[in-house]
Amino acid sequence: MKLLHIDSSILGDNSVSRRLSAGIVAKLREAHPDVTVTTRDLAATPIAHLSGAYLGAAQAAAGQHSPALQEDLASSEAALEDFMTADVVVIGAPMYNFAIPSQLKAWIDRLLVAGKTFRYTATGVEGLAGGRRVIVASSRGGAYSDGPMTAMDHQEAYLRGVFGFIGLPDIEIVRAEGLAMGDETKAKAIASAEQTIAAMSAA
């Protein structure tokens, strides 16, 4: 089994999403000792945001690409290859200002490639990236799963939508929310998320 582990939090050892994503990976390692894990830390080594040069690269011969663009294209191809060859993808995804971190968005932008992970047909879009398991370790300071703030959730809602678009409508989310609502609430949220991981299917 091949597992791709993505982290995007900027908080290092203080990150709850990193703690949870590491717990998920450990759970899967325990069940599958022969698993091959590829780890990508998008905070430490970010992938570039999309640029006009990148989007226009197909209009020029490879020999006309600048060294910087060649490096960008290679990085993008590697990110897509890592994703498409993974059986399981574990993503640490904190909420920043109601959405995902920009570095995680930049990585996702390299996955949505027409003809590779989706295509448009006469009857609508068809996702081409199905057949892998995606597990998201979600952390957020407030409470967004129900109540008056649900409309402000552009984190989990976006991830469900974007992965569904490429053929993965059933992503699993391990959530710790209310992390900024006091020490007791934070501790309970983390404990609940870790209980979810403990009960998670390792198949």
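Above this note sits the structure.
The model shown is predicted, which means the values in this text are computed figures rather than measured ones.

Caption draft 1: Broad picture of the overall build of the protein. Across its full length, the protein carries six helices and seven strands. Its helices and strands in sequence order give the protein the pattern β-α-β-α-α-β-α-β-β-β-α-β-α, from N to C terminus. Dimensions of the protein, computed from the C-alpha atoms along their principal axes, are close to 60 × 40 × 40 Å. Every one of the 203 residues in the protein was classed for burial, and the buried ones make up 41%. In the protein, the proportion of contacts linking residues at least 24 apart, taken out of those at least 6 apart, comes to 75%. With an accessible surface of roughly 10,200 Å², the protein has 53% of that area assigned to carbon and sulfur atoms.

Caption draft 2: Geometry of the side chain of Asp7. On the secondary structure map, Asp7 appears in strand E1 (residues 2-7). One polar contact links Asp7 to Ser21, side chain to side chain, over a distance of 2.8 Å. Contact partners of Asp7, with chain neighbours within four places excluded, come to Ser17, Arg18, Ser21, Arg40, Asp41, Leu42, Ala43 and Gly92.

Caption draft 3: Structural view of helix H5 (residues 156-165). Looking at H5, one finds that the buried residues are Glu156, Leu159, Val162 and Phe163. The buried residues of H5 occupy one face: seen down the axis, they fall within an arc of 135°. Here the buried face of H5 lies against helix H3 (67-84), strand E3 (88-94), helix H4 (102-109), strand E6 (133-140) and strand E7 (172-177). Once H5 ends, the next one or two residues include Gly167, with phi positive near 100°.

Caption draft 4: Spatial organisation of the nonpolar core. Counting 28 residues, the largest nonpolar core has Phe83, Ile91, Leu104, Trp107 and Phe163 as the members making the most contacts within it. Elements that contribute at least two residues to this core include exactly E1, H3, E3, H4, E6 and H5. The element best represented in this core is H4, accounting for four residues. Among residues more than four places away in sequence, those in contact with Trp107 are Leu4, Ile6, Leu42, Ile47, Ala79, Phe83, Val89, Ile91 and Phe163. By size, the runner-up hydrophobic cluster in this structure holds 20 residues, among which are Val25, Ala137, Ile190 and Met200.

Caption draft 5: Spotlight on the pairing of strand E4 (residues 118-121). Across four bridges, E4 lies against strand E5 (residues 124-127) in antiparallel orientation. Paired with Phe118 across the two strands is Gly127, which belongs to E5.

Caption draft 6: Expanded view of H3. With 18 residues, H3 should cover 26 Å at 1.5 Å per step; its first-to-last C-alpha distance of 26 Å lies within 8% of that length. Listing the buried residues of H3 in full gives Leu69, Asp72, Leu73, Ser76, Ala79, Leu80 and Phe83. Down the axis, H3 shows its buried residues gathered within 125° of arc, on one side only. Seen from the buried face of H3, the exposed residues on the opposite side, beyond 90 degrees, are Pro67, Glu71 and Glu77. Each element contacted by the buried residues of H3 is listed here: E1, strand E2 (36-41), helix H2 (52-55), E3, H4 and H5.

Caption draft 7: Summary view of the sheet that holds E7. What the five strands build is an open sheet, ordered E2-E1-E3-E6-E7; its pairing is parallel. Two strands lie at the open edges of the sheet, namely E2 and E7, each paired on one side alone. Taking the axes of each pair of neighbouring strands and ignoring which way they run, one obtains an average angle of 15° across the sheet. In the sheet, E1 pairs with E2 via six bridges, with the strands oriented parallel. Counterpart to Ile6 in the pairing with E2 is Arg40. On top of the sheet, helix H1 (residues 16-31) reaches E1, E2, E3, E6 and E7; it is set at about 150° to E6, its chief contact. Its contacts with the sheet put H4 on E1 and E3, and the angle it makes with E3 is roughly 145°.

The rules behind these values
Residues numbered from 1 in each chain as written. Predicted model: local features only at pLDDT ≥ 70, side-chain atom pairs only at ≥ 80, totals over all residues. Heavy atoms only, no water. Helix = DSSP H or I, 4+ residues; strand = E, 2+ residues; numbered from the N terminus. Buried < 20%, exposed > 50% of the residue type's maximum accessible area, 1.4 Å probe, protein only. Contact = heavy atoms within 4.5 Å. Areas by Shrake-Rupley, 256 points an atom, 1.4 Å probe, with all protein chains shown as cover. Polar contact = N/O pair within 3.5 Å; in protein donor to acceptor, adjacent residues only side chain to side chain. Arc of directions from axis to C-beta. Core = buried A, V, L, I, M, F, W, Y, C linked by side-chain atoms within 4.5 Å. Pairing = 2+ DSSP bridges. Expected span 1.5 Å × (residues − 1). Axes fitted to C-alpha atoms, helices over the stretch in contact; angles between N-to-C directions.

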